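Here are the chains, one letter per residue:
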Amino acid sequence: MTDFKKIISHAKEYGFVFPSSEIYDGLSAVYDYAQNGVALKKNIRDYWWKSMVQLHSNIVGIDAAIFMHPTTWKASGHVDAFNDPLIDNKDSKKRYRADVLVEDYCAKIETKIEKEVNKAAKRFGESFDKTQFLATNPRVVGYQEKIDSILKRLGQSLEKEDLADVKNLIEELDIACPESGSRNWTDVKQFNLMFGTKLGASADSAMDLYLRPETAQGIFVNFLNVQKTGRMKIPFGIAQTGKAFRNEIVARQFIFRMREFEQMEMQFFIPPGTQKEWYEQWKQTRLNWHLSLGMGEENYRFHDHEKLAHYADAAADIEFKFPFGFKELEGIHSRTDFDLSSHEEFSGKKLQYFDPERNENYVPYVVETSVGLDRMFLAVFSWALREETLEDGSSRTLLKLPSVLAPTKVAVLPLVKKDGLPELANEIVDSLKWEHATAYDEKDAVGRRYRRQDALGTPFCITVDHQSLEDKTVTLRDRDSMQQERVAIADLPSRLDEQLNIKHWLQKI
Ligand code: ATP
C-alpha cells in the first residue's frame, strides 16, 4: 500500500481533496473536496443510498436539518456523555486521546506480529498455514495475549469512568509522548466533543444550540412522522446522509478524523427481543456491501466492542486496513429502545408503534449502521493508489478505483488535434455522456494522456484515430490491464455497460 504522504499529495495534485481555506494556511482537520473528489464522494454516497433505500422496499430516506432543538442532545445523552478522555503532555503541551495512545501502543505490538508472520511465510513457503501459525507460535500468542489484556483493561476502565486507571495504564506501559519523548503526563480528563453555537440575534434571547455530532438523532425525532406518513410497518428503516461535527482532540490522519464530516446512517426499527438476529444480519449485509467493491476480503475485519456506548447493548466495527493499520470504517450498533424512550421522556410525546401482529403498543428497538463517507473515501482512495512497474521497466501511477465509483468513467482522446478526429471524438462524448461521466482530452501525446487518466482512476480510454474515420471503430483501453482492443463505435454502450452499470455491482451484495 502506498505511503500515506503520497496519498495526501496525490489527492491534492489530481483535484480530489484540498486543505480547507488553504490560502490562509488551512484549518486543522477540515478539508474541501475538489472537482474529482466531489464526484468520487457522490458516487460512494449513491452506491450506499441505492443499496439501502432503492433496493429495500422497507427502507426510506430523509434529510433532517443540522440544527436541532437543544433538548435533543440532552435526551440522546450527548450533553452528558459524548466525551473523549484526553491527556496532555506537560513538556510538548500536546493533547492526546488517552484511549488512542493505548491503542497506538497495541498497534505497534500488532506490527510485530505481522513481522513474525511475514518471516515465517518466507521460511515455510507454500506450506505456510497462517491461521495455525497465529494460534500456535509462542511469541505471536504472547503478543496477542498482551494486546487483548491491555484493551480489556482499557475498555473496563473507560466503562467504569475510572480515568485514574487509564492514566496508570499509560504509565505502566511506559508510553511516551510521540512529540517530546517524555512521560510527563497530566491526569486524564473528559472533554465534550460537541460544537456549540447560538440561534437568534440578541444576547438575552439567544438559544444555545449544538451542531449535530451524528445524523442519527434527526431520524429518531422523525420516527413517528415517517412511520405514519409512509404507512411503514415494522421492521422498517430510515436512512440519511449528511454532515456531522465533532471537536476532535486528535485531528490528524487527513480525512480519517475530521472536525466536519459526513455520515451515512440507517436506523432499523424492530420489535423488542429481535435485536440479536437483526444485529447479526446487518453486520453481514454491511460487510457484503463493502466486499462488493472488490477491495479484498483480507482488508476487512470485525471488531466487537468491549466498551459499549451509553445507548448500546451490542456494537461492532467493520475495520479496514488503512495505510496506518486496521481502523474503524463503519459501526453497527444495537441501540435498544434507548433513543426513542429517552425522546419520549424529554418531549412528553409518545413515540410508539402499534404492532398489529403482536396486538400491542411498544417503543421499537433499533439496529443502526453508520459509516463515515469521508472515511470510506479514504479507504477506497488509499487502497486504489499504487505505483506499478511495467514490463519495459518504466513505472506508472495507477488509481485502481472500483470502476463504479470512478469520478470519470470514460475519457475520449483524439490521436491528433486535426483531420476531423476531434469532431468524431466529441460526437462520441455526446453519445456516451447521457449514461456515463465522460471526459474529452486532446492535450499532449496520447501516452501521457493515458497516464493522466490512470492517475485519475478513469477505467476506460477511447482513442479515435484515422482508421476510426474510415471504419467507425476506436480503440478501447482498459485502465488496469492496459490492453487495447478495436471496438465498433456502435458497440461501445454495451461494452461499457458490462463494467460500469451499478446493477452488476450491487447484485454482488
Ligand atoms: P472513532 O472511534 O474513530 O472516533 P466513533 O466510534 O466515534 O469513531 P461513530 O460515532 O460510531 O464513530 O460514527 C460512525 C462513523 O462515522 C465511524 O465509523 C466513522 O466512519 C465516521 N466518523 C466518526 N467520527 C469521524 C470523524 N471525526 N471524521 C470522519 N469520520 C468520522
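The residue numbering used here restarts from 1 in each chain and proceeds along that chain's sequence as written. The predicted nature of this model means local features are confined to residues of pLDDT at least 70 and side-chain atom pairs, given and counted, to a pLDDT of 80 or more, with totals for whole chains, interfaces and linings taken over all residues. Side-chain metrics rest on all non-hydrogen atoms present in the structure, leaving aside hydrogens and water.

**Q** It is not clear to me how the sheet that holds strand 10 (residues 260–270) should be interpreted in this structure. Could you clarify?
**A** To summarise the sheet geometry, strands pair through backbone hydrogen bonds and adopt either a parallel or an antiparallel arrangement. At least two DSSP bridges between two strands are needed for those strands to be called paired. Here a helix means four or more residues in a row that DSSP labels H or I, a strand means two or more in a row labelled E, and each is numbered from the N terminus. Strand order across the open sheet formed by 7 strands is 3-9-10-16-13-12-11, with mixed pairing between neighbours. Unpaired on one side and paired on the other, strand 3 (59–61) and strand 11 (300–304) mark the two borders of the sheet. This sheet shows a mean twist of 25° between the axes of neighbouring strands, independent of strand direction. In this structure, strand 9 (residues 236–245) lies alongside strand 10, joined through 10 bridges in antiparallel fashion. If you follow G242 over to strand 10, its bridge partner there is Q263. Structural elements are reduced to axes, namely lines fitted to C-alpha atoms, with helices fitted over the stretch in contact, and the angle between N-to-C directions of any two is expressed from 0 to 180 degrees.

**Q** Where do I start with the site of the ligand in this structure?
**A** Residues are labelled near a given molecule or strand when at least one of their non-hydrogen atoms is within 4 Å of it. Of all residues adjacent to the ligand, which total 16 residues, the nearest are E248, R257, M258, E328 and L329. At 3.4 Å, a backbone N or O of F256 approaches a nitrogen atom of the ligand. Under this definition, polar contacts are N or O atom pairs within 3.5 Å; protein pairs additionally need one hydrogen-donor-capable and one acceptor-capable atom, and for neighbouring residues in sequence, both atoms have to be side-chain atoms. Between the ligand and E328 there is a distance of 2.6 Å, counted from an oxygen atom to a side-chain nitrogen or oxygen. For the shell around the ligand, the elements supplying multiple residues, two or more each, are strand 10, strand 13 (325–336) and strand 16 (365–372). Looking at which element gives the most residues to the shell around the ligand, the answer is strand 13, with 5 residues. Looking at the shell around the ligand residue by residue, the classes come out as 4 nonpolar, 5 polar and 7 charged. Each residue is assigned to one class: nonpolar for Ala, Val, Leu, Ile, Met, Phe, Trp, Tyr, Cys and Pro, charged for Asp, Glu, Lys and Arg, and polar for all the others, Gly among them.

**Q** Explain the environment of K409 here, please?
**A** Structurally, K409 can be placed in the loop between strand 18 (395–399) and strand 19 (410–414). Between the C-alpha atom of K409 and that of E277, which follows or precedes it by 132 residues, the distance is 39 Å. Any two residues whose heavy atoms approach within 4.5 Å are treated as being in contact. The contact partners of K409, leaving out residues within four places of it in the chain, are N43, S403, V404, H436, A437, T458, P459, F460 and L500. Among the polar contacts made by the side chain of K409, one reaches the main-chain carbonyl oxygen of V404 at a distance of 3.2 Å.

**Q** What's the story with the packing of helix 1 (residues 4–13) against helix 13 (residues 373–384) in this structure? I'm lost.
**A** The relative placement of two packed helices is expressed as an angle between their axes plus a distance between the axes. For the pair helix 1 and helix 13, the least separation of the axes is 10 Å and the interaxial angle reads 105°. By the angle between their directions, the pair helix 1 and helix 13 is classed as roughly perpendicular. Across the interface between the two elements, F4, I7, H10 and A11 from helix 1 touch L378, F381 and S382 from helix 13. Taken together, the residues of the contact of helix 1 with helix 13 break down into 5 nonpolar, 2 polar and no charged. Any angle that falls under 35 degrees is termed roughly parallel, while one over 145 is termed roughly antiparallel, one within 65 to 115 roughly perpendicular, and all others oblique.

**Q** Help me out: how do you make sense of the nonpolar core in this one?
**A** Generally speaking, a soluble globular protein has its nonpolar side chains buried in company with each other. We define a nonpolar core as any set of buried Ala, Val, Leu, Ile, Met, Phe, Trp, Tyr and Cys residues linked to one another through side-chain atoms lying within 4.5 Å. Only protein chains enter the accessibility calculation, which uses a 1.4 Å probe; a residue is then buried when its area is under 20% of its type maximum, exposed when over 50%, and partly exposed in between. By size, the foremost hydrophobic cluster in this structure holds 62 residues, and its most contacted members are F16, I44 and F377. The biggest single contributor to this core is helix 13, with 9 residues. Residue ranges for the domains originate in an automatic or database domain assignment. No fewer than three residues from each of domain 1 (1–65 + 214–386) and domain 3 (398–506) sit in this core. When sequence neighbours within four positions are dropped, the list of residues in contact with F377 reads F16, V17, Y33, G37, L40, K41, I44 and I255. Counting 26 residues, the second-largest nonpolar core is a separate cluster that includes I109, I113, A120 and F133.

**Q** I tried to follow the packing of helix 2 (residues 35–54) against helix 11 (residues 275–291) on my own but got confused; where do I start?
**A** Viewed as axis vectors pointing N to C, helix 2 and helix 11 meet at an angle of 140°, and their least axial separation amounts to 12 Å. Regarding the angle of helix 2 to helix 11, the classification is oblique. When the axes of helix 2 and helix 11 are compared, the crossing they make is right-handed. Of helix 11, the residues touching helix 2 (which contributes I44, Y47, W48, S51 and M52) are W282, R286 and W289. Note: crossing handedness is left-handed where the near helix turns anticlockwise from the far helix by less than a right angle, and right-handed where it turns clockwise.

**Q** For this particular structure, what's the right way to read the state of the cysteines?
**A** Defined simply, a disulfide is a covalent bond joining two cysteines at their sulfur atoms. When the sulfur atoms of two cysteines come within 2.5 Å, that pair is taken as a disulfide. Following the criterion strictly, the structure yields 0 disulfides and no others. Counting only cysteine sulfurs, C177 is the nearest neighbor of C106, a cysteine outside any disulfide, at a range of 18 Å. With relative accessibility at 2%, the residue C177 sits in the buried group.

**Q** Any chance you could explain the sheet that holds strand 4 (residues 83–88) here in plain terms?
**A** Here we have 3 strands laid out as an open sheet, ordered 5-4-6, and antiparallel in their pairing. The sheet is open, and its two borders are formed by strand 5 (95–97) and strand 6 (189–192), each paired with just one other strand. Across the sheet, the mean angle from the axis of one strand to that of its neighbour is 50°, orientation sign disregarded. In the sheet, strand 4 pairs with strand 5 via 3 bridges, with the strands oriented antiparallel. The residue bridging D88 from the neighbouring strand is R95, located in strand 5. Helix 5 (residues 98–124) rests against strand 4 and strand 5 of the sheet, and its axis sits at about 70° to strand 5.

**Q** Please clarify how the pattern of salt bridges should be interpreted in this entry.
**A** Oppositely charged side chains can pair when the atoms bearing their charge come close. A carboxyl oxygen of Asp or Glu within 4 Å of a side-chain nitrogen of Lys or Arg is what we treat as a salt bridge. As enumerated under the stated definition, the model contains 38 salt bridges in all. For D304, the salt bridge is made with K283, and the minimal N-O distance between the two is 3.2 Å. In this pair, D304 sits in strand 11 while K283 sits in helix 11, placing the two residues 21 residues apart along the sequence. Judged by its relative accessible area of 47%, D304 falls in the partly exposed class. You can call K283 buried: its relative accessible area is 9%. Between R335 and E368 there is a salt bridge, with its nearest N and O atoms 2.7 Å apart. Pair noted here: R335 is in strand 13 and E368 is in strand 16, with a separation of 33 residues, a long-range link. Since its relative accessible area comes to 0%, R335 is described here as buried.

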